[in-house]
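Here is what each chain is made of, one letter per residue.
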Amino acid sequence: MNKDDIYFYTQAKKELEFKYKGTTYSLNYDKDDNGKEYIIFGPLYEGKRYESYGELMNKARVENHYFKEFIEVL
C-alpha cells in the first residue's frame, strides 16, 4: 500500500482496518453538526479527528511512527 492508495480511500470514503502489534487501527469518516466531513484515524474506538488528507498524512501516528511513513508496511 502507498500514499496514493490512502488518498483514494479518503476520497472514496472507504474504510480501512489493520492490526499492528496487537492493536487494531481504523480509518473511518463522519460529519460534524454543520455537515462538514472529516476523517477519523487511530486505534479502534480511540481515533482522532483529521480535517483533510493532508492533515492525516502530516499528523497521524501509528505508535511512534508517522502514518505516512508506516503505510509501506501495510
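Here, every reference points to the structure presented above.
This section reports on the structure supplied with the text.

Reading guide: rules and limits
- Residues numbered from 1 in each chain as written.
- Predicted model: local features only at pLDDT ≥ 70, side-chain atom pairs only at ≥ 80, totals over all residues.
- Heavy atoms only, no water.
- Helix = DSSP H or I, 4+ residues; strand = E, 2+ residues; numbered from the N terminus.
- Rg over C-alpha atoms; globule rule 2.2 N^0.38 Å.
- Buried < 20%, exposed > 50% of the residue type's maximum accessible area, 1.4 Å probe, protein only.
- Contact = heavy atoms within 4.5 Å.
- Areas by Shrake-Rupley, 256 points an atom, 1.4 Å probe, with all protein chains shown as cover.
- Lys, Arg positive; Asp, Glu negative; His and termini not counted.
- Charge placed at Lys NZ, Arg CZ, Asp CG, Glu CD.
- Phe/Tyr/Trp six-rings, centres within 6.5 Å; stacked < 30°, edge-to-face > 60°.
- Pairing = 2+ DSSP bridges.

### What about the overall build of the protein chain?
Logical step 1: Per the secondary structure count, the protein chain includes 3 helices and 6 strands.
Logical step 2: In the protein chain, the succession of helices and strands from N to C terminus is α-β-β-β-β-α-β-β-α.
Logical step 3: Computed over the C-alpha atoms, the radius of gyration of the protein chain is 12 Å, within 12% of the 11 Å expected from 2.2 N^0.38 for a compact globule of 74 residues.
Logical step 4: For the protein chain, the spread of C-alpha atoms along the principal axes amounts to about 35 × 25 × 20 Å.
Logical step 5: Every one of the 74 residues in the protein chain was classed for burial, and the buried ones make up 31%.
Logical step 6: The long-range share in the protein chain, meaning contacts at least 24 apart out of those at least 6 apart in sequence, stands at 28%.
Logical step 7: Roughly 5000 Å² of accessible area belongs to the protein chain as shown, and the carbon and sulfur atoms make up 43% of that amount.
Logical step 8: The average position of the 12 basic charges and that of the 14 acidic charges among the side chains of the protein chain differ by 3 Å.

### Quick notes on the side chain of Thr 24
Logical step 1: Along the polypeptide, Thr 24 turns up in strand 2 (residues 23-31).
Logical step 2: The exposure class assigned to Thr 24 is buried, which follows from its relative accessible area of 18%.
Logical step 3: With sequence-adjacent residues up to four places away left out, Thr 24 is seen in contact with Glu 17, Phe 18, Lys 19, Gly 42, Pro 43 and Leu 44.

### Observations regarding the packing of aromatic side chains
Logical step 1: Taken as a whole and judged by the stated rule, the model has 9 aromatic pairs.
Logical step 2: Between Tyr 20 and Phe 70 the ring centres are 4.7 Å apart and the planes differ by 80°, which places this aromatic pair in the edge-to-face class. Here Tyr 20, found in strand 1 (residues 16-20), pairs with Phe 70, found in helix 3 (residues 67-70); they are 50 residues apart in sequence, far enough to count as distant. In terms of burial, Tyr 20 and Phe 70 fall into one category: buried.

### Here's the deal with the pairing of strand 2
Logical step 1: Pairing of strand 1 with strand 2 involves 5 bridges; the strand directions are antiparallel. From the neighbouring strand, Tyr 20 faces strand 2, where its bridge partner is Thr 23.
Logical step 2: With antiparallel pairing between neighbouring strands as the criterion, strand 1 and strand 2 make up a hairpin whose turn holds 2 residues, including Lys 21 at a positive phi of roughly 50°.
Logical step 3: Pairing between strand 2 and strand 3 (residues 37-43): 7 bridges, direction antiparallel. Within strand 3, the position partnered with Lys 31 by the bridge is Glu 37.
Logical step 4: Where strand 2 folds back onto strand 3 in an antiparallel hairpin, the turn is made up of 5 residues, including Gly 35, whose phi is positive at roughly 90°.

Everything listed here is a matter of coordinates, which is why it stays silent on function.
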